[in-house]
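# Analysis of the macromolecular model
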Amino acid sequence: MSRAAIRYLEPIDTPSRGVAVLDALAEMIERAGLQVGDRLPPEVSIAAALGVGRSTIREALNRWEGLGIIRRRRGDGTYLTAKVQTSQGPLPTMIQLEGEAILRLLDMRRVIESGTVRRAALNATLSQRQQISQLCDALLQIVDTGQPYRAADMAFHNAICDATGNPMFGQVLAKMDDALERSAESPFSRPGFGLASFPPHRDLAQAIVVGDPDAAEAAINTILDSVESEIRQIIAPTQTA
């Protein structure tokens, strides 16, 4: 299957070769009918078919690996781990695939963060509850004034992880944050992305302060629902579940 797929590739001639390579690979996968678990053609064959250097192919595939679209098996090849479908609208295929990858990450985060905030609500000390409330106030003030909020957001969520009493929660969530490589031109990296999810942070902080795990879980799900809805609006109508 992987060798037969190579016939769907044609030489590319564009300054943005990395993006062009990924677009060509997505089209090849779709036209060849490759499915999750199928192996892609060897890098050397892809490079020859597209008329680019192997390093260009490797960099492009590194991008996909960072998004969880492929998995490399040393000495065996490169395999699809997620469905790939080319964009049928104005949205670039790479942005669509990036959005779908973030949705998969959110699905994982929902499981981990639900447990995290419940444990924080139950286990936080008085000083930790006060700190979480103060950090939430600071975060929302920063957001309201239009300042860069990433550091404040991380401080707030790190405090919640610390309040669980189990440092592994924070370590897992930090690795998940670093799992996806987002392009500089990505709409998911822009300062305005996710702003609608911040007001419910107050509900989350208050639930932890009063020790209500059910309310804390409901609040984190409201936050994640808001982010998921925004992603789907960006990649609709071509995004896949």
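See above for the structure.
Rules used throughout
Residues numbered from 1 in each chain as written. Predicted model: local features only at pLDDT ≥ 70, side-chain atom pairs only at ≥ 80, totals over all residues. Heavy atoms only, no water. Helix = DSSP H or I, 4+ residues; strand = E, 2+ residues; numbered from the N terminus. Expected span 1.5 Å × (residues − 1). Buried < 20%, exposed > 50% of the residue type's maximum accessible area, 1.4 Å probe, protein only. Contact = heavy atoms within 4.5 Å. Core = buried A, V, L, I, M, F, W, Y, C linked by side-chain atoms within 4.5 Å.

## Topic: helix α7 (residues 150-163)
Given a rise of 1.5 Å per residue, 14 residues ought to cover 20 Å, and the 20 Å separating the end C-alpha atoms of α7 matches this to within 8%. Listed in full, the buried residues belonging to α7 are Ala 152, Asp 153, Phe 156, His 157, Ala 159, Ile 160, Cys 161 and Ala 163. Of the surrounding elements, those touching the buried residues of α7 are α5 (93-123), α6 (126-144), α8 (167-177), α9 (200-210) and α10 (213-235). In the segment just after α7, Gly 165 is the residue with positive phi, at about 85 degrees.

## Concerning the environment of Ile 70
Here Ile 70 shows up in strand β1 (residues 70-73). Beyond its immediate stretch of four places on either side in the chain, Ile 70 contacts Leu 40, Leu 61, Trp 64, Glu 65, Thr 78, Tyr 79, Leu 80 and Thr 81.

## Focus on the nonpolar core
Residues Ile 132, Phe 156, Ile 160, Leu 204, Ile 208 and Ile 231 are the most contacted members of the largest nonpolar core, which totals 35 residues. Elements supplying a minimum of two residues to this core: α5, α6, α7, α9 and α10. Examining the composition of this core, we find that 8 residues originate from one element, α10, more than from any other. When near neighbours in sequence (up to four residues on either side) are disregarded, Leu 204 contacts Val 117, Phe 156, His 157, Ile 160, Ala 216, Ala 219, Ile 220 and Ile 223. Core analysis: the next-biggest nonpolar cluster, separate from the first, contains 29 residues, Met 28, Leu 50, Trp 64 and Met 94 among them.

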